[in-house]
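Residue-level structural notes
Listed below are the residues making up each chain.
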Amino acid sequence: MISSPSPWIPTLTLLLLSLPIIFFFTSHILPPPPPPILSLPDELDDLTLFRRAAAVDSHPTHKPISRLGSTNRKPKIAFLFLTNTPLHFAPLWERFFNPNNSVQIKNLYNVYVHSDPTVKPYVKPPGGVFSQDRFIPAKQTYRGTATLIAAARRLIAAAIIDDPDNLFFTLVSQHCIPLYSFQFVYNSLFEINDHQVAELKGLKYKSFIEIIDQDVNLWDRYTARGNNVMTPEVKFENFRVGSQFFTLTRRHGLMVVKERRLWKKFRLPCLRPQSCYPEEHYFPTFLSNVDPDGCAGYTLTRVNWTDSVNGHPHTYYPSELSPELIFNLRRSSFALPYMFARKFSPDCLKPLMEMADEVIFRD
């Protein structure tokens, strides 16, 4: 007697055939899982690094210079590159840092790069000012998470440890370009034209960081981790937002790497990722609360938020580039003009290099 086939076989077959369709729609309909928070080993590594930075800066033989003068060493600007892709604009920055291979300028800056080590293919050092020894030990980063805060703090700490003459710390990304020559940026930050007057009155530099306390999305950003999660360390009236990219003084950089209290809150994962950009919240909130008078309140990096998509600013493409665009991007309603700008597509390199000497670096 021949037994009849099991009634479960057609059902199982249909289910197996449906699995690819189920997986496809699941991946496109359900929200992606939240990125992991910083691991304990990464936190401990950072803590060790930050303590080293604090210890180095407090050592009597490593005191940074405090004012300009003919008998002092020259102060420097530390440029901190935060990237998870190749440094597409390395040739333009090379021209910025080394116009005509000027030996004098080479002693006025340092370059540090935090490159996400998990990105494939790995970001290879392009050489020149971006040599291998300029890449600091890095950790994985995720957009809209506290990993970007941690990466910026690592860069600051590394620059503090590396050179006591680093007095300014300028954070930029792989999508940023300079809008002026290095000498113009240096002279503006250190007030070279007001050198003698500044020395007489005792020079105290300010940090150029955007600090916003009036924004329609401020409450949504504040409660992105849940109601009452940020208190008591961060009250809503003390919560600020601003650009991710800044230029901090060494004094403020040291405060940032020493800070622990607010970090405990800003490192927490968000329930509403669309309202959560910790890298735009932590630094303005902290510095505006500890030293509001020491902050200029604006950034030196121009960003165009027209036609922004998913929290990303406008991206410039080659067809949009012109001398007029560079001049317009420089314009600012603040005391200093914008000195850097983003966001530019990688294929903008060629037209930018073509106008570098005659437009960008001609102040």
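Structure: above.
Given the structure is predicted, the values throughout are model-derived calculations rather than measurements. (Residues numbered from 1 in each chain as written. Predicted model: local features only at pLDDT ≥ 70, side-chain atom pairs only at ≥ 80, totals over all residues. Heavy atoms only, no water.)

In this model, T231 is joined to P232 through a cis peptide bond whose omega is 0 degrees. Inspection of the secondary structure puts P232 in the loop between α8 (218-222) and β6 (247-249). Between R342 and K343 the backbone carries a cis peptide bond, its omega angle lying at 25 degrees. Considering the arrangement of structural elements, one finds K343 in the loop between β9 (340-342) and α13 (349-354). Although it is not a glycine, N228 adopts a positive phi angle of roughly 65 degrees. In this structure, N228 sits in the loop between α8 and β6. (Helix = DSSP H or I, 4+ residues; strand = E, 2+ residues; numbered from the N terminus.)

Reading across from one edge, β4-β9-β8 is the order of the 3 strands in this open sheet, with mixed pairing throughout. Lying at the two open borders of the sheet, with one neighbouring strand each, are β4 (177-178) and β8 (301-303). Here β8 runs beside β9; their pairing, made up of 3 bridges, is parallel. Following the sheet pairing, T301 is matched in β9 by F340. (Pairing = 2+ DSSP bridges.)

By the definition in use, this model includes 35 aromatic pairs. Both rings, one in F79 and one in F340, keep their centres 6.2 Å apart while their planes meet at 80 degrees; by these two values the pair is edge-to-face. You can see F79 sitting in strand β1 (residues 76-83) and its partner F340 sitting in strand β9, a full 261 residues away along the chain. One residue, R153, lies across the ring of W263, its end atom 5.3 Å from the ring centre. Taking the ring centre of Y180 as reference, the NZ or CZ of R330 above it sits at 4.0 Å. (Phe/Tyr/Trp six-rings, centres within 6.5 Å; stacked < 30°, edge-to-face > 60°. Lys NZ or Arg CZ within 6 Å of the ring centre and 35° of its normal.)

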